[in-house]
Amino acid sequence: MFIYVLTRRKLVFAFLFLVSVGGLLTMIQHSLTTPSLVRAPGTYYMAHTQEKVVALTFDDGPDPIDSPAVLDILKEKEVRATFFVLGQAAQSNPFLLKRLVKEGHEIGNHSFNHDYQQRRLVEEMNQTDREVFAATGTHTYFYRPPGGFLSKNQLEIIKNNGHIVALWSVDSKDWRNPGVKQIVDNVVKNVFPGAIILLHDGGYQRTQTVKALGPIIDALRNQGYRLVTLSELKTMDSDIK
């Protein structure tokens with residue numbers, strides 16, 4: 001039997017190598033799956049207001065299964081929200097875009113293919129906007145970058161393209177599928193006046209989000225909050241009046 005003896009120096013190098021690889025893998029996984037909580041200057045992530053008002057926002061739809069379930073709950077609760085749609089999903093489900101507008105919701109732009117690097121930023125924004133306009137006759141006003149990732153240069157490009165970058169200030173973390181109760185707690189325990197709340201109605205199976213939505217709305221209302229669209233929330237921002 002061959003026995004290989006590691007010296008202390010080799011052990012240290014091996015340990016450092018494993019730590020480096022583990023850190024790199026964690027960073028890669030984070031960049032590919034985790035919504036950023038960036039609150040960058042020049043972006044819209046909350047309204048500065050003392051009024052107890054918040055906005056529910058949904059990313060990655062429209063989805064033919066989960067979006068109708070979300071819309072049914074919003075209709076029952078008489079809540080209007082903002083949906084950041086993917087152009088690819090919009091292209092496949094124009095009837096859901098029509099329903100969004102008909103029921104008083106706002107449509108935002110979330111790129112066409114959900115490319116985190118946004119290599120075709122303007123092209124994808126415009127492509128998604130065309131899909132929305134073809135189905136509803138309305139244009140998108142807000143743009144939310146996939147994962148919330150963007151550079152200063154991309155921020156300027158988005159502004160020059162006529163869109164406002166809309167991020168968020170309360171992450172439900174429903175993208176982790178942590179359980180219905182945890183999703184509710186992530187919202188209710190972190191909410192504040194003027195908050196923009198991140199949820200998802202597409203991308204993956206959103207059964208937990210659907211089940212959490214009603215309790216979230218009820219809990220927020222029990223705390224005295226009113227729920228509005230992003231455009232409505234923006235009019236209440238004391239910093240822009």
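Residues numbered from 1 in each chain as written. Predicted model: local features only at pLDDT ≥ 70, side-chain atom pairs only at ≥ 80, totals over all residues. Heavy atoms only, no water.

Some points on the overall build of the chain
Scanning the chain for helices and strands turns up nine helices and eight strands. Per-residue burial for the chain yields a buried fraction of 50% across its 241 residues. When contacts within the chain are restricted to residue pairs at least 6 apart in sequence, long-range pairs at least 24 apart make up 78% of them. With an accessible surface of roughly 12,500 Å², the chain has 57% of that area assigned to carbon and sulfur atoms. (Helix = DSSP H or I, 4+ residues; strand = E, 2+ residues; numbered from the N terminus. Buried < 20%, exposed > 50% of the residue type's maximum accessible area, 1.4 Å probe, protein only. Contact = heavy atoms within 4.5 Å. Areas by Shrake-Rupley, 256 points an atom, 1.4 Å probe, with all protein chains shown as cover.)

Thoughts on the nonpolar core
Within the largest apolar cluster, 34 residues are counted, with the highest numbers of intra-cluster contacts made by L56, F58, L74, F83, I197, L213 and L220. If you list the elements that add at least two residues to this core, you get strand 1 (53-61), helix 2 (66-77), strand 2 (82-85), helix 4 (94-102), helix 5 (121-136), helix 7 (180-188), strand 7 (196-200) and helix 8 (207-222). Beyond its immediate stretch of four places on either side in the chain, L213 contacts L56, F58, V70, I73, L74 and L199. Core analysis: the second largest hydrophobic core is formed by 23 residues, Y44, M46, I158 and L167 among them. (Core = buried A, V, L, I, M, F, W, Y, C linked by side-chain atoms within 4.5 Å.)

Structural notes on the pattern of salt bridges
All told, the structure shown has eleven salt bridges when counted by the stated rule. Two residues, K77 and D218, come together in a salt bridge whose shortest N-O distance is 2.9 Å. Here D218 lies in helix 8 and K77 lies in helix 2, a separation of 141 residues in the sequence. Residue D218 is classed as partly exposed on the basis of its relative accessible area, which comes to 32%. Salt bridges sharing common partners tie together D72, R99 and E103. (Salt bridge = Lys/Arg side-chain N within 4 Å of Asp/Glu carboxyl O.)

Digging into the confidence of the model for the chain
Here the chain averages 88 in pLDDT, and 83% of its residues register 70 or above. Here residues 1-6 is a poorly scored stretch, pLDDT under 50, and it has two contacts once near neighbours within four places are set aside; other chains count. Note on residues 21-38: pLDDT under 50 across the span, and 24 contacts to partners over four residues away in sequence or across chains. (pLDDT = per-residue confidence, 0-100.)

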